[in-house]
Amino acid sequence: MTGFALGAEQEEWCAGLRTLARERLGPLAEKGEPGRVNRPLLAALGELGLLEKVFGSGALELCLLRESLAYGCTEAETALALQGLGAHPVLGAGRPTQRERWLPGVRRGTTVAAFALSEPGAGSDAAALALAAEPDGPGWRLTGAKCWISNAPEADFYTVFARTGEAPGAKGITAFLVPGDREGLTGEALDMLSPHPIGSLAFDGVPVGPEDVLGEPGQGFRVAMNTLNLFRPSVGAFAVGMARAALDATLAHTAGRTAFGGVLADLQAVAHRVAEMATRTEAARLLVYAAAGAHDSGAPDVPRRAAMAKLLATETAQYVVDHAVQLHGAAALRRGHLLEHLYREVRAPRIYEGASEVQRTIIAKELYREVAAR
């Protein structure tokens, strides 16, 4: 990629992914039960080698993958992303025994992973989490709750962040790998606006030992942030994929729909709105891939760039999908219409992995930190 324009091979690969998502993965998604883990879909992602790419590539390729899948099948994109989010802490901070035990199944799509950070009282302020890891011999017992956890309560293992108390705030958090069948761990599904699986978890003295720790005790917040810095730009790519799907649908509709003696595209108000949708989508795409490139090159300003990419792309996707619905009219509100589906899907990314307000806070803090350093 040069100047954030794709080369011929990348364009061909992305086009193939969009077709694959629509023709091969879409039918599997339609057979799934809303709000439940779609294991046949995950297995197909594994068979096609797409889950392997989540772990074997950098942020740039991950963004291309997520954008292309989102264009053709949002459920496939989400299933792939949740596997990566839940398992990347194991890849980056896990012990060899943990990686050997869990990651092969994640790559095949036969083992379901989950990232358990948010709590009823600690969503956007992740450093305020209260899940207690109380000392118990050489290990700990986890007591408390997690909420809004994707793939819960059906995941085979969870990357869980708990307070071990080495220091206040973010410095007293430890990351644990907790199997889904561990004694004392229960959960329930939550009925949400978008159809992907999400639930809550209850920890009633769940035992964990030193062999379950990811990284080092007290360093769990770093594990979480390393994962989020990789996945935040790719959340933006997911949003760009949805925006591009909504934009293309709008172009086709307004070019062919007759109204007031011509087609909708002949109306200046319509044409200008479509132009705005296209311009914002392209700006968001460029910022996403700039952030991905910064991550892959080891640039020092990744947190700021990642936050900017997620902020602009998710807010843009909301704008584009909303205006696409408006230009389609009542047909877009009918259950099963592409835009009805995207309208439900596009709202959540402005909240998860750090709400838009959190991204603005991160951006401002990083900017002022740079000023202080100078």
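Quick note: structure is the one above.
The following refers to the structure shown. What you see is a predicted model, and the numbers here were worked out from it, not measured in a lab.

Basis of the calculations
Residues numbered from 1 in each chain as written. Predicted model: local features only at pLDDT ≥ 70, side-chain atom pairs only at ≥ 80, totals over all residues. Heavy atoms only, no water. Helix = DSSP H or I, 4+ residues; strand = E, 2+ residues; numbered from the N terminus. Rg over C-alpha atoms; globule rule 2.2 N^0.38 Å. Buried < 20%, exposed > 50% of the residue type's maximum accessible area, 1.4 Å probe, protein only. Contact = heavy atoms within 4.5 Å. Areas by Shrake-Rupley, 256 points an atom, 1.4 Å probe, with all protein chains shown as cover. Lys, Arg positive; Asp, Glu negative; His and termini not counted. Charge placed at Lys NZ, Arg CZ, Asp CG, Glu CD. Phe/Tyr/Trp six-rings, centres within 6.5 Å; stacked < 30°, edge-to-face > 60°. Lys NZ or Arg CZ within 6 Å of the ring centre and 35° of its normal. Expected span 1.5 Å × (residues − 1). Pairing = 2+ DSSP bridges. Bend = angle between axes of the 7 residues up to and from the residue. Salt bridge = Lys/Arg side-chain N within 4 Å of Asp/Glu carboxyl O. Core = buried A, V, L, I, M, F, W, Y, C linked by side-chain atoms within 4.5 Å. Axes fitted to C-alpha atoms, helices over the stretch in contact; angles between N-to-C directions. Left-handed = near helix turned anticlockwise from the far one by under 90°. Nonpolar A, V, L, I, M, F, W, Y, C, P; charged D, E, K, R; others polar.

## Topic: the overall build of the protein chain
Then, number 1: A tally of regular secondary structure across the protein chain gives 11 helices and 10 strands.
Then, number 2: Computed over its C-alpha atoms, the radius of gyration of the protein chain comes to 21 Å, within 12% of the 21 Å expected for a compact globule of 374 residues.
Then, number 3: Dimensions of the protein chain, computed from C-alpha atoms along their principal axes, come out at roughly 80 × 55 × 40 Å.
Then, number 4: Buried residues in the protein chain amount to 51% of all 374 residues.
Then, number 5: Considering only intrachain contacts with a sequence separation of at least 6, the fraction spanning at least 24 residues in the protein chain is 74%.
Then, number 6: On the protein chain, roughly 16400 Å² of surface is accessible, and the fraction owed to carbon and sulfur atoms is 54%.
Then, number 7: In the protein chain, which carries 37 positive and 42 negative side-chain charges, the distance between the mean positions of the two groups comes to 3 Å.

## Some points on unusual backbone geometry
Then, number 1: The omega angle of the peptide bond from Ala152 to Pro153 is 0 degrees, so this bond is cis rather than trans.
Then, number 2: Secondary-structure assignment places Pro153 in the loop between strand S3 (139-150) and strand S4 (157-163).
Then, number 3: The phi dihedral of Trp148 falls on the positive side, at around 65 degrees, and the residue is not glycine.
Then, number 4: The residue Trp148 is located in strand S3 in this model.
Then, number 5: Accessibility expressed as a relative area gives 46% for Trp148, which makes it partly exposed.
Then, number 6: The backbone phi angle of Phe260 is positive, close to 55 degrees, even though this residue is not glycine.
Then, number 7: When you line up the elements, Phe260 lands in the loop between strand S9 (258-259) and strand S10 (262-263).
Then, number 8: Given the relative accessible area of 79%, Phe260 is considered exposed.

## Brief notes about the packing of aromatic side chains
Then, number 1: Tallied over the full model, the rule gives 3 aromatic pairs.
Then, number 2: Between the NZ or CZ atom of Arg18 and the centre of the ring of Tyr71, over which it lies, the distance is 5.7 Å.
Then, number 3: Positioned over the ring face of Tyr319 is Arg280, at 3.8 Å from the centre of the ring.

## Comments concerning helix H9 (residues 302-328)
Then, number 1: The terminal C-alpha atoms of H9, which comprises 27 residues, lie 38 Å apart, in line with the 39 Å expected from a rise of 1.5 Å per residue.
Then, number 2: Among the residues trailing H9, Gly329 stands out with phi positive, at a value near 80 degrees.

## Some points on the pairing of strand S7 (residues 198-208)
Every other side chain in a regular strand lies on the same face of the sheet, so the side chains alternate between the two faces.
Then, number 1: Burial within S7 is extensive, with 8 of its 11 residues counted as buried.
Then, number 2: Here S3 runs beside S7; their pairing, made up of 9 bridges, is antiparallel. Bridge pairing links Leu142 to Val206 in S7.

## Some details on helix H6 (residues 96-108)
Then, number 1: Its 13 residues give H6 an end-to-end C-alpha distance of 18 Å, which sits within 8% of 18 Å, the value for a rise of 1.5 Å per residue.
Then, number 2: Of all the bends found along H6, the most pronounced is centred on Trp102 and spans about 35 degrees, while Pro104, a proline, follows it within four residues.
Then, number 3: Those residues of H6 lying buried are Gln98, Trp102, Leu103, Gly105 and Val106.
Then, number 4: Close packing links the buried residues of H6 with helix H3 (50-56), helix H5 (74-93), strand S1 (113-116), S4, strand S5 (173-179) and strand S8 (213-214).
Then, number 5: Following H6 by one or two positions, Gly109 adopts a phi angle in the positive range, close to 80 degrees.

## Things to note about the pattern of salt bridges
Then, number 1: Throughout the structure, instances matching the rule amount to 21 salt bridges.
Then, number 2: One salt bridge in this structure joins Asp156 and Arg39, with 3.4 Å as the shortest N-O distance. With a gap of 117 residues between them, Asp156 in the loop between S3 and S4 and Arg39 in helix H2 (residues 39-47) connect regions that are remote in the sequence.
Then, number 3: Judged by its relative accessible area of 26%, Asp156 is partly exposed.

## Some details on the nonpolar core
Then, number 1: In terms of nonpolar packing, the biggest core is built from 100 residues, with Leu142, Tyr158, Phe161 and Phe176 touching the most fellow members.
Then, number 2: The contact partners of Leu142, leaving out residues within four places of it in the chain, are Ala132, Ala133, Val160, Ala162, Phe176, Val178, Phe203, Asp204, Gly205, Val206 and Val208.
Then, number 3: Within the second largest apolar cluster, 5 residues are counted, among which are Ala307, Leu311, Ile362 and Ile363.

## Section: the packing of helix H4 (residues 59-72) against helix H7 (residues 220-256)
Then, number 1: Contact geometry for H4 and H7: axes closest at 7 Å, N-to-C directions at 30 degrees. The crossing of H4 and H7 is right-handed.
Then, number 2: Here the residues of the contact of H4 with H7 are counted per class, giving 14 nonpolar, 2 polar and 4 charged.

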